[in-house]
Amino acid sequence: MGSQPGKYGRLGAVTEEQDFGYCRVKSGFAIALVAGDPILIYFDSSSVLSTLRQPVKMGASGLCADGNPAGFLDSKSTSCTRIFANLSRSCMTDPALDAASYYRDFTVLKVPVSGTIVQSMKVNVTAVAPPGAPHLRNNTCTNVVSEVIYEVEYSGTNGIQSVSVQFKVSNISGNFGSSLQQHFTLHFWSKTLSRTLPRSGNPGYITGAPLLTANNGAMQHMMEKFAPYSAKYSSGINRGVLHFGRLDSQSQSSVVHGILPSVPQDHHHNQALRNESIRCWSNIPFLTVPLSRAHGKSFAHRSELKHAKRIVVKLGSAVVTRGDECGLALGRLASIVEQVSMLQNQGREMMIVTSGAVAFGKQRLRHEILLSQSVRQALHSGQSQLKDMAIPVLEARACAAAGQSGLMALYEAMFTQYSICAAQILVTNLDFHDEQKRRNLNGTLHELLRMNIVPIINTNDAVVPPPEPNSDLQGVISVKDNDSLAARLAVEMKTDLLIVLSDVEGLFDSPPGSDDAKLIDIFYPGDQQSVTFGTKSRVGMGGMEAKVKAALWALQGGTSVVIANGTHPKISGHVITDIVEGKKVGTFFSEVKPAGPTVEQQAEMARAGGRTLAALQPEQRAEVIYRLADLLTDQREEILLANKKDLEEAENKGRLALPLLKRLSLSTSKLNSLAIGLRQIAASSQDSVGRVIRRTRIAKALELEQVTVPIGVLLVIFESRPDCLPQVSALAIASGNGLLLKGGKEAAHSNQILHHLTQEALSIHGVKDSVQLVNTREEVEDLCRLDKLIDLIIPRGSSQLVRNIQKAAKGIPVMGHSEGICHVFVDTDASVEKVTRIIRDSKCEYPAACNALETLLIHRDLLRTPLFDQIIDMLRVEQVRIHAGPKFASYLTFSPSEVKSLRTEYGDLECCIEVVDSVQEAVEHIHKYGSSHTDVIITENEQTAEFFLQHVDSACVFWNASTRFSDGYRFGLGAEVGISTSRIHARGPVGIEGLLTTKWLLRGDNHVVSDFSEHGSMKYLHESLPLPQRNTN
């Protein structure tokens, strides 16, 4: 049988041998089910839900993609836009607009119970205060569904119990091109211990999640095929022979895998079905990807950790106990429990390996000993002696026995606050060496996880035997401490991630605290020789060497490992969740070594290369830039070919909006302009580094100079702008700075060849390493934390990117602007000829630029004048969409759409028009709603213009000139690294001067400060000296 097209998608291709009526067969493995679990859910074919599949946002325009079978798989809420070619027809016929389409019934097939044939259970979707059907009135469609909120109650045994749905409705007016933004949200609920536990996302990871198919006939076909097996072999199914499938996260079609029930050889169907898995489309609209993967290989990159489903968190003694080692660090422990609960409620299976019983018991036993002292002894000892009363050395086993119950009671109380049940398991090394005990332990843990219970595991220190001979060489790690226990447990339970929390940031190449100690971001097997281990932590049995040994053993068993600090007050409150989100925390153990250097190594290479670059003669640095300019024109064809690949990939994926596509595009004219700009930089850079800007004679034979020097290492992060790479590189070369470049993946091919040409130019003077392109899967937030390696961050991209970087930067200054809300004020004395030219150029020449006009301020006296009509006609011809400010809208009977915010950067052919009464009000408006970027006045009145120029507090303020002149190239700087709106260092377009700082050089001859005291022999002169002649060639 060939492909089976559906209304909105295609079923996978099925061959005749593989056809089972509704899906195709593929090898796989999944989680076992028990009796009572649902294995099939389908909607009635008349319901819109059978085809709707929860629309998702697709493409640059964010239109609803109903045909995407993976709709709503990645998050608990989605939104998208619908555009109607004929609203009057869609209003009455489009099921996506009708609330009734969202609460039809569906049927659940459950695993057979007690030998019965497959059961079915009807679950009604109950609508809460459902609105009426959409209807058209006066060209307006009312009662249109704008938001759908599902509430799904389920249990781990019986699956989905009930479903309710609520709606929000809105009205749409107009006809052709009308649009509607729709939002879809799901909340899952589970009742645990008579309390209601909220969850986000689908419980596909919990027993009871459905295997999905598309229609009525398919379900009937499945019942007919399975009914004989179900009745005869139900006991085998009840023991877990039937396995439930999972979504294939690698497949774009997001298909479902599962394993059919095992049946005897005499059934011919079993020959085709045995050890195979079923692949089917999902058509239920609220299904998220279960957090599961084929175990056996660890994650290669941190970014993959967010896919971890089963996680072990090992809490070291230093994390759990207080600094005095008597008692628990309650605040820290509560924070850890909160993070574990959060991840558990996301659908992950969490386990904790904890220390602390000995410390908790030591605290209790010390109190008992003090209380058991006779009153007489206490009285005769005296108060001072009582404090120093000798406490006998407490045996660890006794402390553990006294502390276990209290430790578990504390965990139980904390987890109860999050409606999560916890269970205690005490183990010893013998439990892993005895095969029967090992199977029992494995079964217990699996059952606890199935019931959504967090197992808390600890070595049974009360009865732990003396250490056994080391069996690590036999391929099995011995349980000597909680590090080895956590590793052994992680491998036994096939966990995806092991998080080891200690009192150090991670693994260092030498003992932490030593002068040259560096935190190792990623550790690879075989790197042990490069690490010098120090002493153990203040408490606990294992040191860092034991942790590394356990981590490598777990890694070999297919479990990813991160060692991190669980005691630092600034990060302990989110360290676990940060690790799971893939953030650069602690040391990540990986079996996959990157092809190139790490970003830390690149930053060090850039710093060393930058210092060499700064030491070159100015003519040599200029020569490098001239060479780069020549390469841009000589290698034009190769550059444009690489850029074409980027454009094609961006268009095929549909992820970039039109303004970003324009920024991504390169052309011959752009490359020629780039080359001209680079030559300007080379010509102006002759005396940029080492230029003396102040000379002072402090005293006789004591002279002070202030000279320009590079800032150090620059990190420039840019989106969709490959032309930024040679510009910024040239400025860094001219100013002698090392440079780290992080470009967007949408421009990967273009950035690669442009960086290659940059390094080729640098090679003529042996400074190739000074400019580095970050190609690793490094998150921007992680780069912003390298405060010891990076001196300045310069973001080039959207306002959202700049805001994110400003928020993420830890101790590193950020140069740039988060928004480019530029204003043009048209005064009453404006020239008719100049107004339309300047406005057109400011808005339409390149609307995606940060220096494009966003708000047009019109003097009130110009309303209903020919000049105002000319402005509106010009904007209409240029297809600029107008939004009316509040005051402007009040003057109109029929106004354009009123602006949502006067602080909007549109970045497209859109702008806001607002009315002001005077130049003073225009200045006040700019200060209140502007971004201090670029603002313009158009007037022939010089006095008014000067008032505007002097009072507007922006980086660039112009008179009768386009906002688009706010640019480093147009200012004669050759190029710019960006436009800064900050108040210190550099402001406006930032060229070479903005990338320099200064240092002071003092030349003396046996001078000491005591000579300048009241009775000293010398006096301060503080004479200004002439500056050396500048090189103007």
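Refer to the structure printed above.
Residues numbered from 1 in each chain as written. Predicted model: local features only at pLDDT ≥ 70, side-chain atom pairs only at ≥ 80, totals over all residues. Heavy atoms only, no water.

**Q** Break down the overall build of the protein chain for me, with residues and values.
**A** Along the protein chain, the regular secondary structure elements total 30 helices and 42 strands. The buried share of the protein chain, taken over its 1033 residues, is 53%. Total accessible area on the protein chain stands at roughly 46200 Å², and carbon and sulfur atoms take up 51% of it. (Helix = DSSP H or I, 4+ residues; strand = E, 2+ residues; numbered from the N terminus. Buried < 20%, exposed > 50% of the residue type's maximum accessible area, 1.4 Å probe, protein only. Areas by Shrake-Rupley, 256 points an atom, 1.4 Å probe, with all protein chains shown as cover.)

**Q** Residue-level account of the sheet that holds strand β23 (residues 497-502), with values.
**A** The strands making up a sheet associate through hydrogen bonds between their backbones, and the pairing can be parallel or antiparallel. Spatial strand order, β21-β22-β20-β19-β23-β25-β26-β24: eight strands in an open sheet with mixed pairing. Of all the strands in the sheet, the pair left with one neighbour each is β21 (421-427) and β24 (522-523). Running at roughly 155° to strand β20 (residues 349-354), helix α7 (residues 330-345) makes contact with β19 (310-315), β20, β22 (453-459) and β23 of the sheet. Contacts from helix α14 (residues 482-492) reach β19, β20, β21, β22 and β23, with the element oriented near 135° to β22. (Pairing = 2+ DSSP bridges. Contact = heavy atoms within 4.5 Å. Axes fitted to C-alpha atoms, helices over the stretch in contact; angles between N-to-C directions.)

**Q** Describe the pairing of strand β38 (residues 956-959), listing the residues and the values that go with them.
**A** Taken together, the four bridges between strand β37 (residues 934-938) and β38 define a ladder with parallel strand orientation. Residue Thr934 lies in a different strand from β38, and its bridge partner there is Cys956. On the question of chirality, the crossover connecting β37 to the parallel β38 by way of helix α30 (residues 942-951) is right-handed. (Right-handed = clockwise from strand over helix to strand, strands pointing away.)

**Q** Can you lay out the environment of Gln870 for me, pointing to particular residues and giving the numbers?
**A** Within the fold, Gln870 resides in helix α27 (residues 866-877). Gln870 sits in the partly exposed class, given a relative accessible area of 35%. Linking Gln870 and Val835, residues 35 residues apart in sequence, is a C-alpha distance of 9.2 Å. Beyond its immediate chain neighbours, meaning those up to four positions away, Gln870 contacts Val832 and Thr836.

**Q** Just give me the short version of the state of the cysteines, but keep the residues and values in it.
**A** This structure, assessed with the given rule, holds one disulfide. Across the disulfide, Cys91 is cross-linked to Cys141 (sulfur-sulfur distance 2.0 Å). Here the S-S torsion is close to 85°, and the disulfide linking Cys91 with Cys141 is therefore right-handed. One end of the pair, Cys91, is in helix α2 (residues 87-93); the other, Cys141, is in strand β13 (residues 140-155), with 50 residues separating them in the sequence. Take Cys91: its relative accessible area is 2%, and that puts it in the buried class. Residue classification places Cys141 among the buried residues on the basis of a relative accessible area of 0%. Residue Cys911 stays outside any disulfide, its sulfur separated by 7.3 Å from that of Cys912, the closest cysteine. The class of Cys911 is buried, set by a relative accessible area of 0%. (Disulfide = S-S within 2.5 Å.)

**Q** So, the packing of helix α26 (residues 832-844) against α27: which residues are in play, and what are the values?
**A** As a packed pair, α26 and α27 sit with axes 10 Å apart at the nearest point and diverge in direction by 25°. Here α26 lies roughly parallel to α27, going by the angle between them. Two packed elements cross with a definite hand, and for α26 against α27 that hand is right-handed. Facing α26, whose interface residues are Val832, Val835, Thr836, Ile839 and Arg840, α27 presents Leu867, Gln870, Ile871, Met874 and Leu875. Taken together, the residues of the contact of α26 with α27 break down into seven nonpolar, two polar and one charged. (Parallel < 35°, antiparallel > 145°, perpendicular 65-115°, else oblique. Left-handed = near helix turned anticlockwise from the far one by under 90°. Nonpolar A, V, L, I, M, F, W, Y, C, P; charged D, E, K, R; others polar.)

**Q** Before we move on, can you summarise α27 with the specific residues and values?
**A** Between its first and last C-alpha atoms α27 spans 16 Å; for 12 residues at 1.5 Å apiece the expected length is 16 Å, and the two agree. Every buried residue of α27 is accounted for by Leu867, Phe868, Ile871, Ile872, Met874 and Leu875. When α27 is viewed along its axis, its buried side chains cluster within an angular range of 160° and face the same direction. The exposed residues of α27 that point more than 90 degrees off its buried face are Pro866, Arg876 and Val877. Elements that come into contact with the buried residues of α27 comprise β33 (822-826), α26, β34 (853-859), β35 (881-884), α28 (886-890) and β36 (910-916). One or two steps after α27, the chain reaches Gln879, where phi turns positive at roughly 60°. (Expected span 1.5 Å × (residues − 1). Arc of directions from axis to C-beta.)

**Q** Describe the pairing of β22, listing the residues and the values that go with them.
**A** On any regular strand, side chains alternate: one points to one face of the sheet, the next to the other face. Burial analysis of β22 places seven of its seven residues in the buried class, which makes it a mostly covered element. Where burial is concerned, the two faces of β22 agree: the one with Ile453, Pro455, Ile457 and Thr459 and the one with Val454, Ile456 and Asn458 are both buried. The pairing of β20 with β22 spans two bridges and is classified as parallel. Residue Val353 lies in a different strand from β22, and its bridge partner there is Ile457. For β21 and β22, the ladder comprises seven bridges, and the chain directions are parallel. If you follow Val427 over to β22, its bridge partner there is Thr459.

**Q** Outline the pattern of salt bridges, listing residues and values.
**A** For the coordinates displayed, the defined rule picks out 35 salt bridges. Linking Arg679 and Asp630 is a salt bridge whose minimum nitrogen-to-oxygen distance equals 2.9 Å. Of this pair, Arg679 sits in helix α21 (residues 668-684) while Asp630 sits in helix α18 (residues 618-634), placing them 49 residues apart in sequence. According to the relative accessible area criterion, Arg679 is partly exposed, its value standing at 30%. Exposure remark for Asp630: the relative accessible area of 30% places this residue in the partly exposed category. (Salt bridge = Lys/Arg side-chain N within 4 Å of Asp/Glu carboxyl O.)

**Q** Can you break down the sheet that holds strand β30 (residues 738-743) residue by residue, with the values?
**A** The sheet built from four strands is open, its strands ordered β31-β30-β29-β32 with parallel pairing. Looking along the sheet, the strands with just one partner apiece sit at the ends: β31 (771-773) and β32 (792-796). Within this sheet the neighbouring strands show an average axis-to-axis angle of 20°, counted without direction. With three bridges connecting them, β30 and β31 associate as parallel partners. Counted as the bridge partner of Leu739 is Val771 from β31.

**Q** Can you lay out the packing of α14 against helix α15 (residues 544-556) for me, pointing to particular residues and giving the numbers?
**A** Interaxial distance between α14 and α15 falls to 8 Å at its minimum, and their mutual angle equals 5°. Judged by the inter-axis angle, α14 sits roughly parallel to α15. Of the residues in α15, those in contact with Asp483, Ser484, Ala487, Arg488 and Val491 of α14 are Ala546, Lys547, Ala550, Trp553 and Ala554. Residue classes in the contact of α14 with α15 are distributed as six nonpolar, one polar and three charged.

**Q** Lay out the packing of aromatic side chains in plain terms, naming residues and giving numbers.
**A** Taken as a whole and judged by the stated rule, the model has five aromatic pairs. Ring geometry for Phe958 and Phe971: centres 6.5 Å apart, planes at 65°, overall edge-to-face. Of the two residues, Phe958 sits in strand β38 while Phe971 sits in the loop between β38 and β39 (978-980), which places them 13 residues apart along the sequence. We classify Phe958 as buried; its relative accessible area is 12%. Given a relative accessible area of 39%, Phe971 falls into the partly exposed group. Ring centres of Phe1012 and Tyr1020 lie 4.4 Å apart, and the angle between their planes is 15°; on these two criteria the pair is classed as stacked. Judged by relative accessible area, Phe1012 falls into the buried class, the value being 15%. Judged by its relative accessible area of 46%, Tyr1020 falls in the partly exposed class. (Phe/Tyr/Trp six-rings, centres within 6.5 Å; stacked < 30°, edge-to-face > 60°.)

**Q** Can you tell me about the nonpolar core, naming the residues and giving the values?
**A** Core analysis: the largest hydrophobic core is formed by 50 residues, its most contacted members being Ile625, Ile639, Ile681, Leu739, Leu741 and Val977. The biggest single contributor to this core is helix α22 (residues 724-735), with eight residues. In this view, Ile625 contacts Leu678, Ile681, Ala682, Ser685, Ala730, Ile733 and Ala734; residues no more than four positions away in its chain are not counted. Leu305, Leu333, Met408 and Val562 belong to the second largest nonpolar core, which has 38 residues in total. (Core = buried A, V, L, I, M, F, W, Y, C linked by side-chain atoms within 4.5 Å.)

**Q** Explain α30 to me, and be specific about the residues and the numbers.
**A** Restricting attention to buried positions, one finds in α30 the residues Thr944, Ala945 and Phe948. All buried residues of α30 fall inside an arc of 100° around its axis, so they share one side. Along α30, the residues that are exposed and aim more than 90 degrees away from the buried face are Glu942, Gln943 and Gln950. Buried residues along α30 sit against β33, α29 (919-929), β37 and β38. Structurally, the start of α30 carries an N-cap: the backbone nitrogen of Gln943 is 3.0 Å from a side-chain oxygen of Asn941. (Polar contact = N/O pair within 3.5 Å; in protein donor to acceptor, adjacent residues only side chain to side chain.)

**Q** Can you break down the environment of Leu136 residue by residue, with the values?
**A** If you trace the backbone, Leu136 turns up in strand β12 (residues 135-137). In this structure, the C-alpha to C-alpha distance between Leu136 and Asn171, residues 35 residues apart in sequence, is 9.6 Å.

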